[in-house]
Amino acid sequence: MATTEAALVDCIGVLEDVIRSRQDAASRHDPTPSDFFGIIVTLLGTGATEEKTGLMLQILAAVIPKTSSTLVRTYFKPVFQALGKIIQSTEENTLIEVCLTCLGLLLKEQDASDGFWNGLSALQATNTLLTFIDSEPRLRKAAFKALLAIAESHTKQRALAFRSYLGEFMQGVFQEATRTNYRRAHCAVVFLESALPLLPDTQFKKVVGQALRLQDCGIPRLTAAVYRMVDSFLQSPGLRLSAAGARSVTKQLAAHYPSTLDVETHCHYVSSLATSLVSLQEAAAPGHGDGAAVVDVELLQRSLALLQRSLASEFSQVHVAVAAAFKRVAFALLGEAQRQALQTWLASLPVEVTDIAQVTGSSVPAVASVARELVGFCVQGLQLSTAPAWLQVLDGLRAMFQLLRGQQWAGGLVSPLVSALGDVYAAVEAQQLPEGLATSREQLTRALSETLGAALQAAGLKRFLALLPIVDTSGGGDALVTRDWVVGVLHDHLSHCALRLSEFVTVLLPLAQVFHQLRQRTATQLAAAEAHHATARNAESYAAANNLRKRQRLFRDKVVQVWALFPEVCAAPLLDVATSVPKIVPILQTALQDADYPELGFAVVVGVHRWVAPDRGHLAAHRGVFEAVAPTLLPLLLGVLEHTNMGDARFQETLDCVTSYLQLAPPGVLAAITKRLLQTVLSHTTAQTLAAGDSGDAEAQRAQQVAAVWMAVLMAAVAQAPPAIVVVMYKTVKPLLQLTTEAHGLQKRAYQLLHVLLEQRADVVHAQADALEHLLQLLVAALPAAHASSRNVRMRCIARLLAQLEDVELITQACATLGPEVLAALKDANRKTRLQAVEIVQVLTLKLPWETLFGGFAAPLTTPTAPPLAKAAAVTALCVLLMEYASKRFALDEDAADAADDEAAAALAAQLAMYQASCQGVVAEVLRLLHGGVFAAMVAAEPTAAHQAKALLSLFKLVCTYATREVLTLDEVAAVLHFVARSLGAVKHKFTARVRALYRKVMRKHLRPAGDADGSGDGNADEAEAALRRAVPAEDAALFDYLLRLQRKRTRRLQQQKTVYRREKFARHARATDAAYDRLMNSDSEDDAEDEDEDDELDGDTRPFAGASLRGSVRGGGRGAELRSAVARSILGSVRLGGDDAGGDADGDAADEAGGADAEDFRLQKKKRFVATRSVATKSRFGGTRGARSVAGGGGAFDHDDVDEDADGARGRGADDRFELIVGDDGRLVVQLHAQFATAAEKHAAAAAQSHWRQQKKDAKEAAQRRKFNLRDPGAEYRAKNAGGDVWKKGALQPHAYIPLDPRLLSKKHKAAAVEHFGQVVSHHGGRRKLKLPPRK
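Residues numbered from 1 in each chain as written. Predicted model: local features only at pLDDT ≥ 70, side-chain atom pairs only at ≥ 80, totals over all residues. Heavy atoms only, no water.

Enquirer: Tell me about the overall build of the protein chain, and name the residues and values.
Expert: Along the backbone of the protein chain there are 61 helices and 6 strands. When the 1337 residues of the protein chain are sorted by exposure, 49% land in the buried category. Long-range pairs, those at least 24 residues apart, make up 73% of the contacts in the protein chain between residues at least 6 apart in sequence. With an accessible surface of roughly 64,100 Å², the protein chain has 51% of that area assigned to carbon and sulfur atoms. (Helix = DSSP H or I, 4+ residues; strand = E, 2+ residues; numbered from the N terminus. Buried < 20%, exposed > 50% of the residue type's maximum accessible area, 1.4 Å probe, protein only. Contact = heavy atoms within 4.5 Å. Areas by Shrake-Rupley, 256 points an atom, 1.4 Å probe, with all protein chains shown as cover.)

So this is what it looks like as structure tokens:
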């Protein structure tokens, strides 16, 4: 590649020199493509440069498209003659390929008129290209590409001469093809795959006809190529085929069925035939106002017969091709437009016509006939042997069924197909599959089910079951054929059909009755068989009776299966809700009261619940209908609920259904039902019943379960019940809260009902005299008798009661009793119970002072007889108490910051102080208990108890987190750490993460110097570390040192990152200052006056000094020249803010008087004063505290940290100014560290920042140089990504073929850079450019 590139560059240079030598001195210019074209034509005509012919042809191919068309047309003949001579005189394929490319480009630029293309030269040039259509691949591809480019250009210009000649030539090639000489015809067919759409309409029919006759040659490869050509032609994106043309192609394909058994030939034939039918539909559709395609039914019938004929092939690939073809035809011919056409036709039919199968004659639209033919093809052609073929066909069938969905009249049309699909499904279910289908049984079953579901939507439920009956008793006697899989299909797809509720009664219920009658008949036979067996006592009689038992159970299950379809019917979009719901309710009532089939109850419940489901839409449209049937349905639903076990999964569904209809029931019905339920609850919860239940009486236990069920219903009726009924509920549930029996479910349900009353009807409960106080006392008194299973609900009731009470004394009394209960709940295994205990603590923190709460929760800790688990729970309660006070303090702190007025802020501040005092009070009491040895005694009782160690570590971590330094002194820290190290030593290793967290909290609080508690002191950090180290026990000294090293490492890393960031930001400020000084020194008096006026407008504007704005301004990008000017004016304005104008004038006068070296020194001093003045001005704008500082050499200092407020934040602003900006002796600005911050770490960070900045500056400079002359390496587009060397890419020229003639490369301005860029392949020695050739071996 390097040699070719070098030669090409050399040739370009030589041509440039020749072109420039012929230019006049007054009109010299860079060589243009036309100049290159002219000089190359001249040189090719003279033949003086034969050794560089290939290079010049490459350049010619590149410049022809950019050359003037007039010039190209003028020199067509000499260029063609020169190219022809080269083609005739050489045998090098590369050179011939370039010549063909140039010839194609030359012909493309010629006039498209018949006058030129009928001339001798044009015909000779065209024949030259056509000569190579059957040559070797490289030359054939070049000829194809040139001919296609010419044909596309003439198609756009609507010129016929060249395209007609091309079509006639191809016909001649096809006519001369024989079995022994077919290569040229095969190459022509391959070419026409892309070129056939470019031929005139009068040519393509003849060409297709001649091509289809090529199968007479008996070459399968050639025949397959012809069908592939037709298929590609019909699928061309830009093809606009007329209806007559599409019909002609389809007829020709139908007349030329392949005579060979070749797989590829048949696959391409089937595909081309389907494409022709689709093209015919697309071409016919726009010509009709109804939008439906007018397809020749006879032609379609003939084409489908040919597809059916192809199914006789033994190859599975052909079956897949036929199935794919059917799918394409079905999707194209049966679309939405055809559906609308059918609807229009149906509207014109007489009323008595319900099936289009009954209509014959010319009045039937074409789309109905098309559907009939497709159905007939599927019925006769379902003989596929592979699963992919089946899947393709089933997709097409679904498209057809979707066209006919929801149309009851379509049942007769699809009836044969549904029956055939049913037979296939039965074969799949019975695993009677061919060998090619057995491996895809599940996939086929799923596809068949979806297809049958679409057929169900098209045919309707009644006709679908008539075609595929679930049971067939036509054989008489005991002959019974059942299709159980049909029930599964109905279950999956009934909800997607548009149904009538009456169809369940007229279509499905008769099936249930048939099965019921068969069951009764079998029961009679079974009785006779059992009687016979009782006398015979032999194996035959026993087997006969056993078979009858199985048959009886089978029929019973069939009845249940049919009724299980009722919920699916109710889930469908029902069309007759208003008329059918009142009629079907008596039928449902009978089913619910049938003792032989208790399973029907749940199916009915689910169905009627779906009637009123919010997502169905029936309730909103027919609310009155459901309100009318609610009084009838409610007693039936309550009966089902009564006999449903609460542990059953169906209980909640039934309860939800009852709740929905209770909301629809009239007030009188609701009140009557509620009263009846309350009476039942009272009668089932008498003392005698409860006592009998405790003694094991099954009837009494059943009564308790019924009472629990009715209380669940009462909870659903609380929201709509009248106040009087709510009072009765409250009085009914109160005695049940003190049950001492084993009726745990009843007690839990009573607490749930109480919680619903307090949540939804609190106003009615509060209206009772002393209701809340009495209820709280009742709950507290019931604690000893309450069972653990109801603890969760009981805790919820207590939390809500405490939140509604205001009597502090009553709450305090209740808290004394509730304390152990809350502590036990904090250690409960149920997460909900633990959360409810935390909620009670939250409520109590709002109601009682912290002293009372602490005393109640910490009581087990000071009680020697308290169990260890109670003590651990007390520690957990103290943790919750601390967290609650701290969280409320933080929340109030945020609210105080957003207070609207002073009064609100003062109130919030008072609450904040109260919670802060409560938090610190709890901390102090915990520390007092620690010093009193309470926790040590607790640990000593169970030294290896992990749960109490975990609780204690959590408590002390919270103490160290929320305590202030005044409360948590170093002595207290030492006590905490020594307790953790020594008392918890046996189990401390299990909680290393908590121990480390505890130490980190202590270090974060106490490693800050003592005088720096608020962030503003001058304490000594080393002294604070030494003091804390004395508090650390010897056992944890290594842990303390390890954590200290981690903290120091993290601090250093953050400081280094901060130092580098500040150094880079301050370096940008230095560059901005230097640029501002240069602008100031180079401005004239007019600019100064304008700047003074603009400074008055920008006075006080500090935004240009913000990090992003300053960065964009200094680098000259991102914000534009307008922003850069604003930055410059702001810099000059800051100078005037820092000093006065008189000083500036004095400097100017002194500069005028100075000269020579004195003037240089004066300018240096003036720059130093400018920097110092600007630093002071910037300090005054940004609130700096230190201002400028004098350094050695008279430099001005600028504290960078005050420039960007967002970088350091309000807490660190002005307190850590580490950098200064000075002016060196050479007049350059220098950024360095202040002397007092020049530690080793700071110097290292500053050096790293300086190196980073220099590297960035170097990279930016190199990037600018690259942007100045950006040229890719020659041949870079052919470089391999994953290997060495070059690769050829499809659609591109061959590698090493040319160097792109980039205008930048050819321009005079960049000539030197181009020559230098290609210097690795070109030598400049000897006064002329020479190629660097590799040494010969």
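Read on, since the account is not over.
Enquirer: If you had to explain a positive patch on the surface to someone new, which residues and values would you point to?
Expert: On the surface, a cluster of positive charge is contributed by Arg996, Arg1000, Arg1004, Lys1049, Arg1050, Arg1052 and Arg1053. Elements that contribute at least two residues to the positive patch include exactly helix H50 (992-1006) and helix H52 (1037-1082). In terms of residue count, the dominant contributor to the positive patch is H52 (4 residues). As for its position among the elements, arginine 996 is in helix H50. (Patch = residues over 30% accessible without salt bridge, like charges linked within 9 Å, V, L, I, M, F, W, Y side chains within 5 Å. Salt bridge = Lys/Arg side-chain N within 4 Å of Asp/Glu carboxyl O. Lys, Arg positive; Asp, Glu negative; His and termini not counted. Charge placed at Lys NZ, Arg CZ, Asp CG, Glu CD.)

Enquirer: Describe the pattern of salt bridges, with residues and values.
Expert: The final tally for this structure, using the stated rule, is 16 salt bridges. In this structure, arginine 138 engages glutamate 97 in a salt bridge whose closest nitrogen and oxygen atoms are separated by 2.7 Å. Taken together, the residues arginine 138 in helix H9 (residues 137-156) and glutamate 97 in helix H6 (residues 93-108) connect sequence positions 41 residues apart. Between glutamate 599 and arginine 556 there is a salt bridge, with the nearest N and O atoms lying 3.0 Å from each other. With glutamate 599 in the loop between helix H28 (577-592) and helix H29 (600-611) and arginine 556 in helix H26 (residues 539-563), the pair connects residues that are 43 residues apart, well separated along the chain. Salt bridges here are not isolated pairs; linked through shared partners, they connect Glu1025, Arg1029, Asp1041 and Arg1048.

Enquirer: Give me the lowdown on the packing of helix H35 (residues 698-717) against helix H37 (residues 744-760), citing residues and values where you can.
Expert: The angle between the axes and the distance between the axes are what describe a pair of packed helices. The interhelical angle for the contact between H35 and H37, taken along N-to-C directions, is 15 degrees, at an axis separation of 9 Å. Considering their axes alone, H35 and H37 lie roughly parallel with respect to each other. In this structure, the crossing between H35 and H37 has a hand that is left-handed. Where H35 approaches H37, its residues Gln704, Ala707, Ala708, Met711, Ala712, Leu714 and Met715 are matched on the opposing element by Leu746, Arg749, Ala750, Gln752, Leu753 and Val756. Looking at the contact of H35 with H37, its residues break down into 10 nonpolar, 2 polar and 1 charged. (Axes fitted to C-alpha atoms, helices over the stretch in contact; angles between N-to-C directions. Parallel < 35°, antiparallel > 145°, perpendicular 65-115°, else oblique. Left-handed = near helix turned anticlockwise from the far one by under 90°. Nonpolar A, V, L, I, M, F, W, Y, C, P; charged D, E, K, R; others polar.)

Enquirer: Could you give an account of the packing of helix H40 (residues 791-804) against helix H42 (residues 831-847), naming the residues involved and the relevant values?
Expert: The N-to-C vectors of H40 and H42 enclose an angle of 15 degrees; their axes lie 9 Å apart at closest approach. When the interaxial angle is binned, H40 and H42 end up roughly parallel. Judged by the twist between their axes, the crossing of H40 over H42 is left-handed. Seen from H40, the contacting residues are Arg791, Asn792, Met795, Arg796, Ile798, Ala799, Leu802 and Ala803; seen from H42, they are Lys832, Thr833, Gln836, Ala837, Glu839, Ile840, Val843, Leu844 and Lys847. Split into classes, the residues belonging to the contact of H40 with H42 amount to 9 nonpolar, 3 polar and 5 charged.

Enquirer: Could you give me a rundown of the confidence of the model for the protein chain, with the residues and numbers involved?
Expert: Low pLDDT means the predicted atomic positions in that stretch should not be read closely. When pLDDT is averaged along the protein chain, the result is 75; 72% of the residues meet or exceed 70. For the protein chain, per-element mean pLDDT is lowest for helix H54 (residues 1107-1115), which scores 31, and highest for H9, which scores 92. Throughout residues 1322-1337 the model reports pLDDT below 50, and contacts reaching past four residues in sequence, or to other chains, amount to 26 contacts. (pLDDT = per-residue confidence, 0-100.)

Enquirer: Can you tell me about H9, naming the residues and giving the values?
Expert: Given a rise of 1.5 Å per residue, 20 residues ought to cover 28 Å, and the 28 Å separating the end C-alpha atoms of H9 matches this to within 8%. Those residues of H9 not exposed but buried are Leu139, Arg140, Ala142, Ala143, Phe144, Ala146, Leu147, Leu148, Ile150, Ala151, Ser153 and His154. Where H9 is buried, its residues meet H6, helix H7 (114-117), helix H8 (120-131), helix H10 (161-176) and helix H11 (183-195). Downstream of H9 by a residue or two, arginine 158 has a phi angle that is positive, lying close to 60 degrees. (Expected span 1.5 Å × (residues − 1).)

Enquirer: Residue-level account of the packing of aromatic side chains, with values.
Expert: Tallying each qualifying case throughout the model produces 18 aromatic pairs. Residues tyrosine 425 and tryptophan 485 carry aromatic rings whose centres are separated by 4.4 Å and whose planes lie at 25 degrees to one another, so their mutual orientation is stacked. Of this pair, tyrosine 425 sits in helix H21 (residues 411-429) while tryptophan 485 sits in helix H24 (residues 484-493), and the two are 60 residues apart along the sequence. Comparing tyrosine 425 with tryptophan 485 shows no difference in burial state: the two are buried. (Phe/Tyr/Trp six-rings, centres within 6.5 Å; stacked < 30°, edge-to-face > 60°.)

Enquirer: Can you break down the environment of alanine 803 residue by residue, with the values?
Expert: Among the secondary structure elements, alanine 803 is positioned in helix H40. The sequence separation of alanine 803 and isoleucine 840 amounts to 37 residues, and the corresponding C-alpha distance is 8.8 Å. When neighbours within four sequence positions are excluded, alanine 803 is seen to be in contact with Val843 and Lys847.

Enquirer: Can you lay out the environment of leucine 758 for me, pointing to particular residues and giving the numbers?
Expert: Mapped onto the secondary structure, leucine 758 falls in helix H37. Judged by relative accessible area, leucine 758 falls into the buried class, the value being 1%. Leucine 758 sits 39 residues away from cysteine 797 along the chain, and the two C-alpha atoms are 7.7 Å apart. Residues in contact with leucine 758, not counting those within four places in the same chain, are Val765, Leu772, Leu775, Cys797, Arg800, Leu801 and Gln804.

Enquirer: Give me the lowdown on helix H41 (residues 808-826), citing residues and values where you can.
Expert: The first and last C-alpha atoms of H41 sit only 24 Å apart over 19 residues, clearly below the 27 Å expected at 1.5 Å per residue. Leu810, Ile811, Ala814, Cys815, Leu818, Gly819, Glu821, Val822, Leu823, Ala825 and Leu826 are the residues of H41 that are buried.

Enquirer: An account of the side chain of aspartate 576 is requested, with residue identities and associated values reported.
Expert: In this structure, aspartate 576 sits in the loop between helix H27 (566-571) and H28. Comment: no salt bridge for buried aspartate 576; closest opposite-charge side chain is arginine 500, at 5.0 Å. Here serine 580 takes part through its side chain, which lies 2.4 Å from a polar atom of the side chain of aspartate 576. The contact partners of aspartate 576, leaving out residues within four places of it in the chain, are Arg500, Leu501, Ser502 and Val581. (Polar contact = N/O pair within 3.5 Å; in protein donor to acceptor, adjacent residues only side chain to side chain.)

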